[in-house]
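# Commentary on secondary and tertiary structure
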Amino acid sequence: MHKDFSIHSPVKVRVNLNNLKHNYATLRKACGTEVMPVLKADAYGHGLLPCTRAMLEAGVKIIGVGIVPEALFLRDQGISCEILSMFGPLNAAEAAQAATHDIISLAPAMEQLKMLSAHASKDKPAKVALKFDTGMARLGFTKNDVPALIAALRGMPAVKPVMAMSHFAVADEISGVDFTREQIAMFKDIFTALKAEYPDLKGSLCNSSGGMAYADARLDLVRAGIALYGSNPFQGTEQESLGHGLKPVMEISSSLVQVHALRKGQSISYGRTFTAERDMVVGIVACG
């Protein structure tokens, strides 16, 4: 039998949904294009449903979640906006659910396209976001795959490409400008070829840092993750001002258990992770 002891914990987490809305508006204004809030993994621990509702109140038209079950949960709660599953279907059952409930599925390989095609129809095709690898080297088709991919999709009338995506690897690093520029050029070549076949296709390349720093790469949709929750991806760099105005969405507080003296040279905690450089007073917080 499971018992929830969290109500007895001194640790309190407060989520400020007004700050979430503020950050969305800040990013929307800065990017000048549509911004998709990334609410995967329970909105990065901030609460999937309340964050979704706050974003809809702010005027959002599309949200991104992680797995298909997250999208299904939102559909069950009456959320009718466009939803992108950024993992896509991981098995046939999820492919059928995504097609049935009008969920846009990420498709980084032919396997996902075939699963979706098998569980949709020409009259009600499965919407897909085609994922391309332009340098992240994790998931996606390559530039060389484009001709064969287009040919394969012509034979899949039950699949409807609505978006093409890729992901920056080092858009938040000053030293990564040349690599990022290579990614932009490659994706634009891919997108141009796909648009010739699918004129209504939307392009999405930028994450938070990309949308903030690379105006020419924003295309139709910027995917806002870390910045949406108030964290500046350029903190401590010469581009720090790009994140000006973002507000933290989560606040964590707890209680002091003990306050005591720590002598100069004395270490504290497992692994002696801190050594006092002077005589000081330390507080032990109940947060473990």
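Residues numbered from 1 in each chain as written. Predicted model: local features only at pLDDT ≥ 70, side-chain atom pairs only at ≥ 80, totals over all residues. Heavy atoms only, no water.

## Describing the layout of surface pockets
Keep this limit in mind: Lining residues are defined by having an atom within 4 Å of a point belonging to a cavity or pocket. Those points lie on a 1 Å grid over the protein atoms alone, cavities being sets where a 1.4 Å probe fits but cannot get out and pockets being open sets with protein on both sides within 12 Å along at least five of seven lines. Grid points are joined across faces, edges and corners, and a volume is the space filled by probe spheres set on the points. Elements are defined by DSSP. Helices are runs of H or I of four residues or more, strands are runs of E of two residues or more, and each kind is numbered from the N terminus. Just so you know the grouping, Ala, Val, Leu, Ile, Met, Phe, Trp, Tyr, Cys and Pro go in nonpolar, Asp, Glu, Lys and Arg go in charged, and all remaining residues, Gly too, go in polar.
Estimated volume of the largest pocket: approximately 560 Å³. Residue lining of the largest pocket: 28 residues in total, with Lys40, Tyr44, Arg138, His167 and Asn207 positioned closest to the centre. Contributions of two or more residues to the lining of the largest pocket are made by helix 2 (40-45) and helix 9 (208-213). Along the lines of polarity and charge, the residues of the lining of the largest pocket split into 15 nonpolar, seven polar and six charged.

## Details of the state of the cysteines
Rule in force here: By definition, disulfides here are pairs of cysteine sulfur atoms that lie within 2.5 Å. Between buried and exposed lies partly exposed: a residue is buried under 20% and exposed over 50% of the maximum accessible area for its type, with that area taken using a 1.4 Å probe on protein chains only.
Scanning the entire structure with this criterion turns up zero disulfides. Left unpaired, Cys287 is separated from the closest cysteine sulfur, that of Cys51, by 20 Å. The exposure class assigned to Cys287 is partly exposed, which follows from its relative accessible area of 47%.

## Notes on the nonpolar core
If you look at soluble globular proteins, the nonpolar side chains tend to sit buried side by side. Here is the rule: Remark: nonpolar core denotes a set of buried residues (Ala, Val, Leu, Ile, Met, Phe, Trp, Tyr, Cys) joined through side-chain atoms within 4.5 Å. Contact criterion: two residues are considered in contact whenever any of their non-hydrogen atoms come within 4.5 Å of each other.
Membership of the largest hydrophobic core comes to 64 residues, with the highest contact counts inside it found for Leu113, Leu130, Phe132 and Leu194. Beyond its immediate chain neighbours, meaning those up to four positions away, Phe132 contacts Leu139, Gly140, Phe141, Thr142, Val146, Leu149, Ala164, Met165, Ser166, Ile190 and Leu194.

## Some words on the sheet that holds strand 3 (residues 62-65)
Basically, it comes down to this: DSSP calls a pair of strands paired once it identifies at least 2 bridges connecting them. In this analysis an axis means a line fitted to C-alpha atoms, helices contributing only their contacting stretch, and an angle means the value between N-to-C directions, from 0 to 180 degrees.
Spatially, 3-4-5-6-7-8 is the arrangement adopted by the six strands of the open sheet, whose pairing is parallel. Among the strands making up the open sheet, the edge pair consists of strand 3 and strand 8 (202-204). Neighbour-to-neighbour, the strand axes of this sheet turn through a mean angle of 30 degrees, independent of strand direction. With three bridges connecting them, strand 7 (residues 159-165) and strand 8 associate as parallel partners. Each bridged residue has a counterpart across the sheet, and for Met165 the counterpart in strand 8 is Ser204.

## Here we look at the side chain of Thr52
Tracing the backbone through its elements, the reader meets Thr52 in helix 3 (residues 48-57). Here Thr52 falls in the buried class, since its relative accessible area comes to 0%. The residues contacting Thr52, other than those within four sequence positions of it, are Leu39, Ile63, Leu74 and Ile79.

## Remarks on the pairing of strand 6 (residues 126-131)
Filter applied, for reference: For a crossover, the right-handed case is the one in which the path from the first strand over the helix to the second runs clockwise, viewed with the strands pointing away from the viewer.
Burial runs high along strand 6: five of the six residues are buried. Across three bridges, the pairing between strand 5 (residues 104-107) and strand 6 is parallel. By the bridge assignment, Leu106 is partnered in strand 6 with Ala129. Since strand 5 and strand 6 lie parallel, the crossover through helix 6 (residues 110-118) that links them has a hand, and here it is right-handed. The pairing of strand 6 with strand 7 spans six bridges and is parallel. By the bridge assignment for strand 7, Val128 is matched with Pro161.

## Some thoughts on helix 1 (residues 17-31)
The criterion, for reference: A helix is expected to reach a length of 1.5 Å times the quantity of its residues less one. The arc in question is traced by the directions running from the helix axis to the C-beta atoms.
An ideal rise of 1.5 Å per residue puts 21 Å on 15 residues; helix 1 measures up with 21 Å between its terminal C-alpha atoms. Burial in helix 1 covers these residues: Asn19, Leu20, Asn23, Tyr24, Leu27 and Cys31. Viewed along the axis of helix 1, the buried residues span an arc of 145 degrees, placing them on a single side of the element. Residues of helix 1 that are exposed and point more than 90 degrees away from the buried face comprise Asn18 and Lys29. Against strand 2 (34-37), helix 3, helix 9 and strand 9 (221-224) lie the buried residues of helix 1. Backbone geometry just downstream of helix 1 places Gly32 in the positive-phi region, at approximately 70 degrees.

None of this, on its own, says anything about what the molecule does.
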